[in-house]
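Structural description and commentary
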Amino acid sequence: MLAPHQVASLPPSFYYIPNFITAEEETAILEKIPPNRWHTLHHRRLQAHPSTLSTTSTLLAAPLPPWLLNPVAKRFEEYGVFSETPHQAPNHVLVNEYRAGEGIMPHEDGGAYAEVVATVSLGAATVLDLYKKRETRTREETQLGAGDTPSTHDDDGPAAPSNSDTGRDRDDTSTPFARILQEPRSLLITTGSAYTELLHGIASVETDTDLNEETIANWSLLGEPVRFMNGTNERGTRISLTYRDVLKVSKVGTRILGLGRR
Ligand SMILES: O=C(O)CCC(=O)C(=O)O
Ligand SMILES: [Fe+2]
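Residue indices begin from 1 for each chain and proceed along its sequence in written order. To read the labels, note that chains go from A and ligands from 1, taken in the order they are written. Residues qualify for local features only when their pLDDT is at least 70, as the model is predicted, and side-chain atom pairs are given and counted only at 80 or more; totals for whole chains, interfaces and linings, by contrast, use all residues. To obtain the side-chain values, all non-hydrogen atoms of the structure were included, while hydrogens and water were left out.

Side note on the overall build of the chain
For helices the rule is a DSSP run of H or I covering at least 4 residues; for strands it is a run of E covering at least 2, with both sets numbered from the N terminus onward. Helices and strands together make up the secondary structure of the chain, namely 6 helices and 15 strands. When contacts within the chain are restricted to residue pairs at least 6 apart in sequence, those whose partners lie at least 24 apart make up 86%. In short, Shrake-Rupley with a 1.4 Å probe defines the accessible areas, and a residue's cover is counted only from the protein chains shown. If you sum the accessible surface of the chain, you get close to 12100 Å²; carbon and sulfur atoms cover 50% of it. Contact definition: two residues touch when any of their heavy atoms are within 4.5 Å.

Section: the coordination of the iron ion (ligand 2)
Reference geometry at the metal: tetrahedral coordination by four donors gives ideal angles of 109.5 degrees; octahedral coordination by six donors gives 90 or 180 degrees. A donor here means an N, O or S atom no more than 2.8 Å from the metal, or no more than 3.2 Å when the metal is Na, K or Ca. Since water is not included, a site may seem to lack partners. Donor atoms from the polypeptide that coordinate the iron ion (ligand 2) comprise His107 (NE2), Asp109 (OD) and His200 (NE2), at 2.1 to 2.2 Å from the metal. When the donors of the iron ion (ligand 2) are listed by position in the chain, the intervening gaps give H-x1-D-x90-H. Side by side, histidine 107 and aspartate 109 carry an identical accessibility label, which is buried. Only protein chains enter the accessibility calculation, which uses a 1.4 Å probe; a residue is then buried when its area is under 20% of its type maximum, exposed when over 50%, and partly exposed in between.

Quick word on the packing of helix α1 (residues 23-32) against helix α2 (residues 66-79)
What counts as an axis is a line fitted to C-alpha atoms, over the stretch in contact for a helix, and the angles between N-to-C directions run from 0 to 180 degrees. In contact at an axis separation of 9 Å, α1 and α2 are set at 145 degrees when each is read in the N-to-C sense. The hand of the α1/α2 crossing is left-handed. Residues Glu25, Ile29 and Lys32 of α1 form the contact with α2, whose participating residues are Trp67, Pro71, Val72 and Arg75. Here the term charged refers only to Asp, Glu, Lys and Arg, the term nonpolar to Ala, Val, Leu, Ile, Met, Phe, Trp, Tyr, Cys and Pro, and the term polar to all other amino acids, Gly among them. Of the residues in the contact of α1 with α2, the class split is 4 nonpolar, no polar and 3 charged. A clockwise turn of the near helix away from the far one marks a right-handed crossing, whereas an anticlockwise turn of less than a right angle marks a left-handed crossing.

What to know about the site of ligand 1
Any residue with a non-hydrogen atom lying within 4 Å of a molecule or strand is treated as near it. If you check the shell around ligand 1, you find 15 residues, and the closest are Asn96, Tyr98, His200, Arg238 and Ser240. Here a polar contact is recorded for every N or O atom pair within 3.5 Å, except that within protein the pair must consist of a potential hydrogen donor and a potential acceptor, and residues adjacent in sequence are included only if both atoms are side-chain atoms. Histidine 107 places a polar side-chain atom, nitrogen or oxygen, 3.1 Å from an oxygen atom of ligand 1. Histidine 200 places a polar side-chain atom, nitrogen or oxygen, 3.0 Å from an oxygen atom of ligand 1. Sorting the residues of the shell around ligand 1 by element identifies β5 (92-98), β6 (104-107), β11 (198-202) and β14 (238-244) as the ones contributing at least two each. A class-by-class count of the residues in the shell around ligand 1 yields 5 nonpolar, 7 polar and 3 charged.

What about the nonpolar core?
Across soluble globular proteins, you tend to see nonpolar side chains buried next to one another. Nonpolar core, defined: a set of buried Ala, Val, Leu, Ile, Met, Phe, Trp, Tyr and Cys residues in which side-chain atoms within 4.5 Å join the residues together. In terms of nonpolar packing, the biggest core is built from 28 residues, with Phe20, Phe76, Val120, Leu241 and Tyr243 touching the most fellow members. Taken together, the elements giving at least two residues each to this core come down to β1 (14-17), α2, β5, β7 (116-122), β10 (187-191) and β14. In terms of residues, this core owes the most to one element, α2, which gives 6 residues. With near-sequence residues (within four places) excluded, phenylalanine 20 lies in contact with Val72, Arg75, Phe76, Tyr79, Val120, Arg185, Ser186 and Leu187. Ranked by size, the runner-up nonpolar core spans 24 residues in total, among them Tyr98, Ile104, Ala125 and Ile202.

What about the sheet that holds β5?
Hydrogen bonding along the main chain pairs the strands of a sheet, whether they run parallel or antiparallel. If you trace the 7 strands from one edge of the open sheet to the other, you get β1-β10-β7-β14-β5-β3-β2, paired in antiparallel fashion. Two strands bound the open sheet, and with one partner strand each, they are β1 and β2 (39-40). Strands pair, by our definition, only if DSSP identifies at least two bridges between them. As paired elements, β7 and β14 share 5 bridges and run antiparallel to each other. Counterpart to threonine 119 in the pairing with β14 is threonine 242. Lying over the sheet, α2 contacts β1, β3 (45-49), β5, β7, β10 and β14, oriented at roughly 55 degrees with respect to β14.

Some words on the confidence of the model for the chain
The pLDDT value expresses, per residue, how confident the predictor is, ranging between 0 and 100. For the chain, the average pLDDT comes to 86, and 82% of its residues sit at 70 or higher. Note on residues 145-171: pLDDT is under 50 here. Beyond four places in sequence and across chains, it has 74 contacts.

Side note on unusual backbone geometry
Among all residues except glycine, the phi angle is most often negative; among peptide bonds, the trans geometry is most common. Cis geometry marks the peptide bond from histidine 49 to proline 50, where omega comes out at 0 degrees. In this structure, proline 50 sits in the loop between β3 and β4 (58-60). Of the consecutive residues asparagine 70 and proline 71, the connecting peptide bond is found in the cis state with omega at 10 degrees. In this fold, proline 71 is placed in helix α2. The phi angle at glutamine 88 is positive, at roughly 55 degrees, despite the residue not being glycine. Relative to the helices and strands, glutamine 88 is located in the loop between α2 and β5. Residue aspartate 210 is not a glycine yet carries a positive backbone phi of 60 degrees. Looking at the element boundaries, aspartate 210 is found in the loop between β12 (207-208) and β13 (233-234).

Re the side chain of serine 186
Among the structural elements, serine 186 can be located in the loop between β9 (178-182) and β10. The exposure class of serine 186 is buried, given its relative accessible area of 0%. Here the side chain of serine 186 touches glutamate 183 through a polar contact of 2.6 Å, landing on its backbone oxygen.

Put into structure tokens, the structure is as follows:
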């Protein structure tokens, strides 16, 4: 079911599905995002559903809210997106909001999750940059700590690989090895070695440039390539929903786990 949507030029496995949701569904989801759940970071806003992971990357068992299940998570079943993960369904969603000029520095999502991330883009298009991981890079540098806590997920945009005393190779994040254009209402799925071997990030720019079939890995899969024929994408406010399957789930009460961040 996913095979026709595979991004052919990239290592396995990325899948891109344009128009995964309709414009009406997009509007309905945007209206449901609770305004009182945002964590404000330096250059981004973030909320976690059903809750933020504990310091041991454990999720307190709770259902996702209906507006995240329907229609998106239900539609995942048709495509078998999470059919191979331990819970065979997403149990956690991070909602990120980027205004024009905002991004997220190169990182990997880490061991708290199964190796499947499904990202629905809302509101505006953006370019996801992919970087090869280097042996010299340490886990602490690149992994999101307890999965999604604001303090470890915080950043201010593209990498500024300025020093070498952290073991970070200068070339690591200066040039992406591939770029994926994410249109509003699209779904991007990252699995397997694409999840474990690569870093991903979004440059803090007002305009994405140099967009064409050579530079954009999923160009042939785009829903509306004509929108980017002039080689640019003016960023607008984009909200992403990143669906994941958290490996460790606990039914134990909040107090015992030492949760209580939100
Ligand atoms: O907004 C995106 O598409 C990427 C977000 C991301 O990488 C993350 O939340 O870990
Ligand atoms: Fe990420």
